[in-house]
Amino acid sequence: MTRIRKHALKDMTFAEFRERLSDKPVILLPFGSQEEQGPHAPMGDFMLTEAVAGQVAEAADAIVAPTIPFGYADFFKTIAGGIQLRPSTFSAVVEDTVTAFLDHGIEHILILNGHTSNAPLFDQTLRRIRTERGVSIPFVNLWQSIPDALWKELHGSSVAAARGHGGEPLTSIYLHLCPELMRMDLARPSMRAKAFGLPTGGVNNVQFEGMPVHVQLNCHEVNADGMLGGDPLLASAEKGARMVEYLVGFCARFVAHMRSCDMRSVAGFIPDGTKEAS
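Here the structure is a predicted model, which is why all the values come from computation and not from measurement.

Visitor: When you look at the pairing of strand β1 (residues 27-31) in this model, what are you seeing that I'm missing?
Guide: Walk down a regular strand and you will see the side chains alternate between the two sheet faces. Burial of β1 is extensive: 5 of the 5 residues sit out of reach of the surface. Of the two faces of β1, the one carrying Ile27, Leu29 and Phe31 and the one carrying Leu28 and Pro30 are both buried. Of the crossover connections in this fold, the one passing from β1 over helix α2 (residues 46-60) to the parallel strand β2 (residues 63-64) is right-handed. Sheet topology places β1 next to strand β3 (residues 109-113); 5 bridges connect them, and they run parallel. Among the inter-strand pairings, Leu28 is bridged to a residue of β3, identified as Leu110.

Visitor: I keep staring at the nonpolar core and nothing clicks. Help me out?
Guide: Buried together is how nonpolar side chains tend to be arranged in soluble globular proteins. Leu28, Leu29, Val98 and Ile111 are the most contacted members of the largest nonpolar core, which has 62 residues in total. For this core, the leading source of residues is helix α9 (residues 237-258), giving 8 residues. Beyond its immediate sequence surroundings of up to four residues, Val98 is in contact with Leu29, Ile109, Ile111, Leu126, Ile129 and Ile137. Residues Phe76, Val215, Cys219 and Leu228 belong to the second largest nonpolar core, which totals 11 residues.

Visitor: Is there a simple way to think about the packing of α2 against α9 in this case?
Guide: Packed helices, taken two at a time, are described by the angle their axes make and the gap between the axes. One way to put it is that α2 packs onto α9 with a least axis distance of 9 Å and a crossing angle of 50°. The orientation of α2 with respect to α9, classified from their angle, is oblique. At the point where α2 passes α9, the crossing takes the right-handed sense. Of the residues in α9, those touching α2 at Val52, Gln55, Val56, Ala59 and Ala60 are Val244, Val248, Cys251, Ala252 and Val255. Broken down by class, the residue content of the contact of α2 with α9 amounts to 9 nonpolar, 1 polar and no charged.

Visitor: Got a minute to help me understand the side chain of Thr125 in this structure?
Guide: Within the secondary structure, Thr125 is located in helix α4 (residues 119-133). Of note is the side chain of Thr125, whose polar atom sits 3.2 Å from the side chain of Ser91. Residue contacts for Thr125: discarding those within four places in its chain leaves Ser91, Val94 and Glu95.

Visitor: Mind showing me how you'd approach the state of the cysteines here?
Guide: Disulfide: a covalent bond connecting the sulfur atoms of a pair of cysteines. Using the criterion set out here, one finds 0 disulfides in the structure. Residue Cys251 stays outside any disulfide, its sulfur separated by 15 Å from that of Cys261, the closest cysteine.

Visitor: So what exactly am I meant to see when it comes to the pattern of salt bridges here?
Guide: Two side chains bearing opposite charge may form a pair once their charged atoms approach each other closely. Taken as a whole and judged by the stated rule, the model has 14 salt bridges. We note a salt bridge from Arg264 to Glu107, for which the minimum N-O separation is 2.8 Å. Here Glu107 lies in the loop between α3 (87-102) and β3 and Arg264 lies in the segment after α9, a separation of 157 residues in the sequence. We note a salt bridge from Asp185 to Arg183, for which the minimum N-O separation is 2.7 Å. Each of Arg5, Arg20, Asp23 and Asp61 takes part in a single network of salt bridges with overlapping partners.

Analysis parameters
- Residues numbered from 1 in each chain as written.
- Predicted model: local features only at pLDDT ≥ 70, side-chain atom pairs only at ≥ 80, totals over all residues.
- Heavy atoms only, no water.
- Buried < 20%, exposed > 50% of the residue type's maximum accessible area, 1.4 Å probe, protein only.
- Helix = DSSP H or I, 4+ residues; strand = E, 2+ residues; numbered from the N terminus.
- Right-handed = clockwise from strand over helix to strand, strands pointing away.
- Pairing = 2+ DSSP bridges.
- Core = buried A, V, L, I, M, F, W, Y, C linked by side-chain atoms within 4.5 Å.
- Contact = heavy atoms within 4.5 Å.
- Axes fitted to C-alpha atoms, helices over the stretch in contact; angles between N-to-C directions.
- Parallel < 35°, antiparallel > 145°, perpendicular 65-115°, else oblique.
- Left-handed = near helix turned anticlockwise from the far one by under 90°.
- Nonpolar A, V, L, I, M, F, W, Y, C, P; charged D, E, K, R; others polar.
- Polar contact = N/O pair within 3.5 Å; in protein donor to acceptor, adjacent residues only side chain to side chain.
- Disulfide = S-S within 2.5 Å.
- Salt bridge = Lys/Arg side-chain N within 4 Å of Asp/Glu carboxyl O.

Written as structure tokens, this is what we have:
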């Protein structure tokens, strides 16, 4: 009987995982969030990160760990249904998750981040881990990794109107990966309110004389539906399929590159089997 090669850590017995360690596998750690995405899309956007990470693992012969479904986003707390971690909690979860592998000598670890607001905390926590443990842990901000050329191909001159929280890219990716969960009958373009009599530039600034002034806003103060820009009516499943195809390929190529890297040395790239001098 031929055994199926597993790529999800949750599906492996510990004996199966132990056997794979001799291959020095790249471990994928997906992080997402549970937050509103406008009235038309499910709140569990971690599902998208989970699905993309699973495809990356298969394409790159990596191993994907279970998805961490909660992220940091205080500005979404004013809409019920979200689950936001405190900065200290999120950083502790990142550290505990990463060190669970480092403690066993597993150092080729790649975080796939599906929630933009997690990024500053990733940077802080992973810098501390590098200082304390000597290992660099890269992370990819998935939805920011779609190149301008692909955006232009998919949306032409409407890119600026399409992009934003509640709009693209997640609406198209949702339509591609889980269309049965969508409520496109409720979709409508984002219309930003003013704060302090000034246009809002998101949840962290207002625009004064064309320049950003940082203030602390909540999502409903920018838009009653929590949409921070973007028109979901410009989305489609076909566009989502192209985005996912690109992201899976991009991440799989980076995983292949990581295999030739010594994560303890920024000079430790081995393109031809010979480590560069540090």
